[in-house]
Amino acid sequence: MSVLAMLAPGLYVALLAVVLAATLRRWFDPIPGRCWLAWAAALAVLFGAVLFAGRVLLPLGYLTEVPPYRLMWEGAGPPPGNLLQSDLILQITPWLARVRALFAAGEWPIWNHLVGAGEPLLGNPQSQALQPLVWLVLPFPVPAEVGMLAALRVLLPLVFMYLLLRRRGLGETAALWASLAFGLSGFLQLSLGWPLAGSATFLPLLLYGLVLVAQRGARRDAALLAAAVAAALLVGHPETGLHVALLGALFALSLLRACPAGARRRVLRDWLAAGAIGGALAAPVLLPAAAFIPQTARVAILRWRHAEIERADPLAGWRTPAERAASARALVARLVPNAAPNAYGNNRFGSYWGNRNINEDAAGFAGTAALLACLVACARGPRRAARRLAGGAGGAAAGEAGAAGPWADGETGVPGGWRFPEERIVLAVALACLVVLARPPGLIQLLEALPVVRQSLSFHSRVSLLLDFCIAYAAGCTWERWRRGRLPRLPVVAAAAALALLLVWAYQAHPNPRDPGALAGLRHGTLALQLAVLAAAAAGLLVRRRGVRQGGEGSGGMGAATGATEWSGETVRGWQVWAGAALVAGELLAIHAPANPPVLSALYYPRMRPIAFIAERLDPWHRMAGVGPALRANIPSIYGLADPRSSNPIKPAAYLEAIGRIDAFPWRATDGFVSVEDPLYGLLGVRWVMVESKFRLPWPLRPAFRNAEAWVYERPGALARLFLPAASARCGQAVWSPCTAGIADFSAAAAVRGGPPSWAASHPGASSLDLIALRPAEIRAHARLAEPRLLASSIYQDGSWKLLAGGRPHPTSLANGPFVAAWLAAGETTLDLLYRPAELVAGLLSAALALAAAAALWVPPPSHRRGAAGE
């Protein structure tokens, strides 16, 4: 790799940051260069090797755990990367690769024909096909793309958390520290490679847009809010999207309440217009997803779980003393890692004895300094400081008109109140998040009773996103009170003492019950780090301040007499600002940065010899499969190889039922195929089978390639994706598996829905089917039929596959499972099987209308464009 190729990702991200800074300064709110410098330092620690040294931000060491990659890593230590992140290897990266390949080929990424029997790609929201950040990095190859995407996912919340807090009346120091607390918090850092991290990315942007529309109401503000709504909806994770929407609604109610009575109708109208346009812009993904998700395994599992919970005893696990003790321990294990992330070990480095895994359990950790400041914010302040900040809706607009600049008048010397805008809301939401994470008795039944909220497989454990945001926001309010000299000492002392006791108890009272010395160095080291940060943070808050010095925005420079830095109108010593930023960011980087280690690019899905052997021989009409641990599902799609297995939490439930007898894990996210002699492999077109080295398969499979990496067998009788069975029988069962269980050869017999009860071709050999072309969402064939015949396939029908016979629409049915089939008349005809989801058409129409509405509402007429910047 050349030096330019290694530097290009970092230079591109830097260019995007410069464009963002210029855009904000020109049309929104400027950000001082020192803030960009602080954020750049944090990004350099996290992603420097990825952006400037050619490394890859993926847990590629996971590949060395499965054939044919095992011989790639023979070192004494563990394989490189965070092996807890196997989803990034099996699901997220293969989907990104397919989206990129289809865009590069000039096609819409609507169908993934390389996994399972085919699956919707645009209808799978986690594929992020139209996610704006993914589009920004599309010019780069996938190994670079994932690191750049991660950097942007962290940069945006840093920037917009800062801007949000500045708009709510906080000074630069507090806003900077709080932005670091949120941008480097556990939820974002521990789920950085997953689409759900995008919810944390766009949450501050969405709230900032709400505030701008309420305070200023310019065209550009409403456009920004619409873009934020669309981006949040395109993240691809409905559960965290719901959390973002709930917090946004609370903020909107607070802003609306603070608006002057005469302005409320205008604000509400602008919000609704921006929300409607943003939702319509996301419709090309939302509508196909809404049509496909009800067909998936996730929905089937949810239905089963709903039924189980309805039958369960609400107090199960809490009735006897022994049950209460065990349930209380589990409750504590769900909460403690949010304050002491390594108290139960860390399965990134060794054993973990907490609730689930470190990535989920410690996602609510926003740093010891922020947690201390949040606890201080919970205390009541002196009554004499009861005057509230004039930073509500309209406050910033008034500030803009004065000489103090575009911020709420917290920078104009107005005495601050005890509570900042929305401070009580974030404290209440933080408490609610802790209750949800704890799951006390009766909570699950309550969640199940709510219509939309009940659609969560994790019982909303991802509210850690809101917990991190609320802790950072409340911490920023405390730091701002300290800056203004209005922070009493007693709450600081009490909160620091309580938090110190909590940390010591968390680490000392929860060793591994089987091995008390497990990860002792990591646990004790983390405790020492947190106590040191706590002591430094408490000492800093106890320093008396003289209050805010009045002055203009951005009057930087060094005070010659005092040695103090003018930090946006406040007299703050420069070393204090940078020490606080280093304290907040340093701890979070030390704890969270190891969760995403960069690895060598040579490990990115190398083309091993068994894979190359199959790729040279597999035609597009057939598939290959890995059996047992070999070449896990979805990995073959990286090489352009079709595989009937899938790794997808929302894969089609009907397909899982139809192939259940050859899938050892049909209701898990990742399939595991067995029983390679089963005729279903022939139906699915499996011509080549890969197994681990020295694993023997039964006749009639024949070994075709053997080496120490893996063995490859050829499987006879593989059918093409379209074929003409010689006979059929009607399947009257509700499910397919009983109807296909007795079929030994699917080229000779088929089970069908509809049609005659029993049918057989008079002259099977007199008809032929010539396969012409196969594209992801389009298949062409030529049929010469001596008599009416059944056309069968191994292509999953989700309702959007359309058949044209001789250019005219032809009805379809199902055969052998949820696979496209059709009864064809005798004669010669051209067949075109097209994937054309009507929901995509409706979504594109909605997006086009939204763009037209946005242009009409927010693009000023030519005569007014010169003055548009002054709105």
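Residues numbered from 1 in each chain as written. Predicted model: local features only at pLDDT ≥ 70, side-chain atom pairs only at ≥ 80, totals over all residues. Heavy atoms only, no water.

Colleague: Give a detailed account of the nonpolar core, specifying residues and quantitative values.
Modeller: Formed by 260 residues in total, the largest nonpolar core has its most connected members in Trp-39, Phe-47, Val-159, Trp-271, Leu-372, Phe-469 and Trp-479. Looking at this core, the element that brings in the most residues is helix α5 (residues 142-167), giving 19 residues. In this structure, Trp-479 is in contact with Ala-174, Trp-177, Ala-178, Ala-369, Ala-370, Ala-373, Leu-541 and Val-584, ignoring residues within four places of it in sequence. (Core = buried A, V, L, I, M, F, W, Y, C linked by side-chain atoms within 4.5 Å. Buried < 20%, exposed > 50% of the residue type's maximum accessible area, 1.4 Å probe, protein only. Helix = DSSP H or I, 4+ residues; strand = E, 2+ residues; numbered from the N terminus. Contact = heavy atoms within 4.5 Å.)

Colleague: Break down the pattern of salt bridges for me, with residues and values.
Modeller: For the structure shown, the criterion picks out 29 salt bridges. Among the ionic pairs, Glu-308 bridges to Arg-311, the shortest N-O distance being 2.3 Å. Here the residue Glu-308 and the residue Arg-311 both occupy positions in helix α13 (residues 297-311), the gap between them amounting to three residues, near one helical turn. Taking relative accessible area as the criterion, Glu-308 reaches 33% and is therefore assigned partly exposed. Judged by relative accessible area, which is 60%, Arg-311 ranks as exposed. The partner of Asp-678 in a salt bridge is Arg-661, and the shortest N-O contact between them spans 2.9 Å. With a gap of 17 residues between them, Asp-678 in the loop between α26 (653-658) and α27 (680-683) and Arg-661 in the loop between α26 and α27 connect regions that are remote in the sequence. Take Arg-661: its relative accessible area is 32%, and that puts it in the partly exposed class. Salt bridges linked by common partners bring Arg-266, Arg-269 and Asp-270 together as one network. (Salt bridge = Lys/Arg side-chain N within 4 Å of Asp/Glu carboxyl O.)

Colleague: How would you summarise a nonpolar patch on the surface if you had to cite specific residues and measurements?
Modeller: Side chains of Val-3, Leu-7, Leu-11 and Phe-52 sit close together on the surface and give an oily, nonpolar patch of about 350 Å² of accessible area. Element by element, the count of residues in the nonpolar patch is highest for helix α1 (residues 3-27), at three residues. (Patch = residues over 30% accessible without salt bridge, like charges linked within 9 Å, V, L, I, M, F, W, Y side chains within 5 Å. Areas by Shrake-Rupley, 256 points an atom, 1.4 Å probe, with all protein chains shown as cover.)

Colleague: Go over helix α22 (residues 520-542), please, and point to the residues and values.
Modeller: Its 23 residues place the ends of α22 33 Å apart at the C-alpha level, agreeing with the 33 Å of an ideal helix rising 1.5 Å per residue. Listed as buried for α22 are Arg-523, Thr-526, Leu-527, Gln-530, Val-533, Leu-534, Ala-537, Ala-538 and Leu-541. In this fold, the buried residues of α22 make contact with α16 (368-377), α20 (464-483), α21 (489-508) and α23 (574-592). (Expected span 1.5 Å × (residues − 1).)

Colleague: Summarise the confidence of the model for the chain; cite the residues concerned and give the values.
Modeller: Of all residues in the chain, 91% attain a pLDDT of 70 or more, and the chain-wide mean is 90. Looking at the elements of the chain, mean pLDDT is at its lowest for helix α17 (residues 395-401), recorded as 34, and at its highest for strand β9 (residues 722-723), recorded as 98. Within the model, the stretch residues 382-417 combines pLDDT values under 50 with 90 contacts to residues more than four positions away or in other chains. For the stretch residues 548-570, pLDDT sits under 50, and the model shows 60 contacts to residues farther than four places along the chain or on other chains. (pLDDT = per-residue confidence, 0-100.)

Colleague: I'd love a proper account of the sheet that holds strand β16 (residues 801-805), names of residues and values included.
Modeller: Strand-to-strand pairing in sheets goes through backbone hydrogen bonds, with the strands running parallel or antiparallel. Here five strands make up an open sheet; going across it, the order is β13-β14-β20-β16-β17 and the pairing antiparallel. Each edge of the sheet is formed by a strand with only one pairing partner; in this case those strands are β13 (768-775) and β17 (808-810). Sheet twist, expressed as the mean angle between neighbouring strand axes with direction ignored, is 25°. Pairing of strand β14 (residues 778-785) with strand β20 (residues 827-835) involves eight bridges; the strand directions are antiparallel. Across the sheet, the residue bridging to Ile-779 is Leu-833, located in β20. (Pairing = 2+ DSSP bridges. Axes fitted to C-alpha atoms, helices over the stretch in contact; angles between N-to-C directions.)

Colleague: Residues and numbers for the state of the cysteines, please.
Modeller: In this structure the tally under the stated criterion is one disulfide. Free cysteine Cys-35: the closest other cysteine sulfur is in Cys-477, separated by 17 Å. With no disulfide of its own, Cys-374 lies closest to Cys-378 among cysteine sulfurs, the gap being 5.0 Å. Given the relative accessible area of 6%, Cys-374 is considered buried. (Disulfide = S-S within 2.5 Å.)

Colleague: Go over unusual backbone geometry, please, and point to the residues and values.
Modeller: The peptide bond linking Pro-67 to Pro-68 adopts the cis configuration, its omega dihedral lying at 5°. The residue Leu-519 is not glycine, and still its phi comes out positive at about 50°. Tracing the chain through its elements places Leu-519 in the loop between α21 and α22. Even without being glycine, Lys-694 reaches a positive phi, approximately 70°. In this fold, Lys-694 is placed in the loop between β6 (686-691) and β7 (702-706).

Colleague: How would you summarise the pairing of β6 if you had to cite specific residues and measurements?
Modeller: Judged by how many residues are buried, β6 sits mostly within the fold: five of six residues are covered. When strand β5 (residues 623-626) meets β6, the two strands line up parallel, connected through four bridges. Residue pairing across strands places Ala-625 opposite Val-689, the latter belonging to β6. When β6 meets strand β8 (residues 711-714), the two strands line up antiparallel, connected through four bridges.

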